[in-house]
Every structure is written in structure tokens, then in C-alpha cells.
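Remarks on the overall topology
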Amino acid sequence: DAGITQSPRHKVTETGTPVTLRCHQTENHRYMYWYRQDPGHGLRLIHYSYGVKDTDKGEVSDGYSVSRSKTEDFLLTLESATSSQTSVYFCAIGVGEVKYFGPGTRLTVT
Amino acid sequence: AQSVTQLDSHVSVSEGTPVLLRCNYSSSYSPSLFWYVQHPNKGLQLLLKYTSAATLVKGINGFEAEFKKSETSFHLTKPSAHMSDAAEYFCVVSDLMTGNQFYFGTGTSLTVIP
């Protein structure tokens, strides 16, 4: 347990609605990440942050935005949810070369 | 470019027998390699890591992995499987050229038969 919490843990939403997922860490690490996990794909990087207000895109960033106004919080927003964004979303923190993962958020878009 | 291939999507072993989960990687620089385990409906837990020190790496719960540069492999082994080892296992590569970004394999599902 690396002091990472994610909220909500489960969410069902309708196509076209905005959704925000929250990642919170208690240890003030600089690097934070959002991944999605889909069968047959492992985990894929959506966005990451290397400090407050410093973010960058990952390999599957289309349809997602992020914000980091405080060191401890990293928010992932689906601007207009689509069925293809049904997935399990994991937040991670970077500690040296290692990443530690949160418990995940299962999002279903109907 | 960095990539990881996990050679088996599913592995079944009997309890008490050895476990071998295979991973090959591609990296244009000196890689760091990791194995993570994911139990059902849980997050990912670090099992072990290789970061250019000893090539035989010991991890938690009796797992170990050997870095073989000539074979570009990082296979995960355990001498005797336990029922609690049933989970999904992910091999991951990263290197300094990509800012320590992680590249995941597609995972191997381990079933342990009583």
C-alpha cells in the first residue's frame, strides 16, 4: 500500500456525459500517472504528471484530459464518455524507477 | 522502441509444482525490468525488479527472475506453486531513453490446480 486512493471505485455513466476520476496520494511524490487496463492490452498510459500543473500525454490520450492543481491530487476527466472508454482505470505514483499502483476504478459507459 | 512479449497468455500448474512465466523484451537502451502481480479485482503489486545490478533477482513470495541479455529474456519462476499464486502477472520494461515510462506485456493468467 503506497498511500494511493482512487475515487470512485465503481461508476456507471451514460454515453456523452463528462466523468472525473480522482487519484489521491499521501506521500507528495512528484510523478503521477493514469493508465487504463483492457483485456489483451495490459496497461496503457493515458496521461502523466511531473509536478503541479505539469502534465503530458501518453499513448492513448484522445478523449481524456487531466489536471493537477495540488501535489497530492491527479484528476482524469473524460470530456464526453464513449462506450470505448469502458475500462478499469489505474492511477500510479513514480518512486525512482518503480511505479506503485492504486486499487483501480471500474468505469462502465452505457 | 521498447516492447514486451509475454509468451503465454494462460499457464496452469498443479499446486506444489514449479512455475515458469516467460517474458521477452525489446529495448534500445539498458532496460529496467519488472514483474507485477494482480489478484482478481485488485491493483498491481510489485513482485520484483531488475535495474542493472545482479542478474538473478529475488522477489516476494518466493518468486525470482533472471535477466538474460543475450536472450533478451526475463522469465519469472517459483519452485513450488501455492494456491494463493493464482493471479494475472505482468512483465514490464522501461529505460532512461523513454523517461522511465512503463511498457506492459499483455499479461499471463496463472491457474493453480489443487
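Going by the structure above, here's the rest.
1. Section: the state of the cysteines
Evaluation of the coordinates by the stated rule reveals two disulfides over all chains. Between the sulfur atoms of Cys23 of chain A and its disulfide partner Cys91 of chain A the distance amounts to 1.8 Å. The sign of the -70 degrees torsion about the S-S bond sets the Cys23 of chain A-Cys91 of chain A disulfide as left-handed. Pair noted here: Cys23 of chain A is in strand S3 (residues 19-25) and Cys91 of chain A is in strand S9 (residues 87-95), with a separation of 68 residues, a long-range link. Per residue, the accessibility class of Cys23 of chain A equals that of Cys91 of chain A, and both read buried. Between Cys23 of chain B and Cys91 of chain B runs a disulfide, and the two sulfur atoms are separated by 2.0 Å. Disulfide Cys23 of chain B to Cys91 of chain B: torsion about the S-S bond roughly -65 degrees, handedness left-handed.

2. Some words on the nonpolar core
Judged by nonpolar contacts, the single largest core of 26 residues is most densely connected at Trp35, Leu48, Leu76 and Tyr89 of chain B. The greatest single-element share of this core, amounting to four residues, is contributed by strand S10 (residues 87-94) of chain B. Leu48 of chain B has contacts with Leu33, Phe34, Trp35, Val57, Lys58, Gly59, Phe63, Glu64, Ala65, Phe74 and Leu76 of chain B, leaving out every residue within four places of it along the chain. Counting residues in each nonpolar core, the second largest holds 19 residues, with Val19, Cys23, Cys91 and Val109 of chain A among its members.

3. So, the side chain of Ser61 of chain A
Residue and element names in this part refer to chain A. Take Ser61: it is sitting in the loop between strand S6 (54-57) and strand S7 (64-70). Accessibility expressed as a relative area gives 10% for Ser61, which makes it buried. Ignoring any residue separated from it by four or fewer positions in sequence, one finds Ser61 in contact with Ile46 and His47.

4. Some words on the interface of chain A and chain B
The interface of chain A with chain B comprises 18 residues on the first partner and 18 residues on the second. Looking only at chain A, the three residues that lose the most surface to chain B are Glu97, Lys99 and Phe101 of chain A, adding up to 36% of its buried area. On the surface where chain A and chain B come into contact, there are zero salt bridges. Across the chain A-chain B interface, the total number found is three residue pairs in polar contact (both at pLDDT 80 or more). Looking at the side of chain A that touches chain B, the elements that each hand over two or more residues are strand S4 (31-38), strand S5 (42-51) and strand S10 (98-101) of chain A. Its residues assigned to classes, the side of chain A that touches chain B comprises 10 nonpolar, five polar and three charged.

5. Examining the side chain of Ser94 of chain B
All names here are of chain B. Structurally, the position occupied by Ser94 is in strand S10. Looking at Ser94, the relative accessible area reads 0%, which means it is buried. Look past the residues within four positions of Ser94 in its chain and what remains in contact with it is Pro31, Ser32, Phe34, Asn100, Gln101 and Phe102.

6. Re the pairing of strand S11 (residues 105-109) of chain A
Residue and element names in this part refer to chain A. Residues of S11 alternate between two faces, with Thr105, Leu107 and Val109 buried on one and Arg106 and Thr108 left unburied on the opposite face. As judged from the four bridges shared by strand S2 (residues 10-13) and S11, these two strands associate in the parallel manner. By the bridge assignment for S11, Thr13 is matched with Val109. In terms of strand pairing, S9 meets S11 through three bridges, oriented antiparallel. Paired with Val88 across the strands is Arg106, a residue of S11.

7. Focus on the environment of Asp95 of chain B
Residues and elements named next belong to chain B. With respect to the helices, strands and loops of the structure, Asp95 is situated in the loop between S10 and strand S11 (103-104). The exposure class of Asp95 is buried, given its relative accessible area of 0%. For Asp95 and Cys23, which are 72 residues apart along the polypeptide, the C-alpha to C-alpha distance reads 16 Å. Ignoring anything within four residues of it in the chain, the contact list for Asp95 reads Gln2, Ser27, Ser28, Tyr29, Ser30, Pro31, Asn100 and Gln101.

Criteria and cut-off values
- Residues numbered from 1 in each chain as written.
- Chains lettered and ligands numbered in written order.
- Predicted model: local features only at pLDDT ≥ 70, side-chain atom pairs only at ≥ 80, totals over all residues.
- Heavy atoms only, no water.
- Disulfide = S-S within 2.5 Å.
- Helix = DSSP H or I, 4+ residues; strand = E, 2+ residues; numbered from the N terminus.
- Buried < 20%, exposed > 50% of the residue type's maximum accessible area, 1.4 Å probe, protein only.
- Core = buried A, V, L, I, M, F, W, Y, C linked by side-chain atoms within 4.5 Å.
- Contact = heavy atoms within 4.5 Å.
- Buried area = accessible area lost by both parts, 1.4 Å probe.
- Salt bridge = Lys/Arg side-chain N within 4 Å of Asp/Glu carboxyl O.
- Polar contact = N/O pair within 3.5 Å; in protein donor to acceptor, adjacent residues only side chain to side chain.
- Nonpolar A, V, L, I, M, F, W, Y, C, P; charged D, E, K, R; others polar.
- Pairing = 2+ DSSP bridges.

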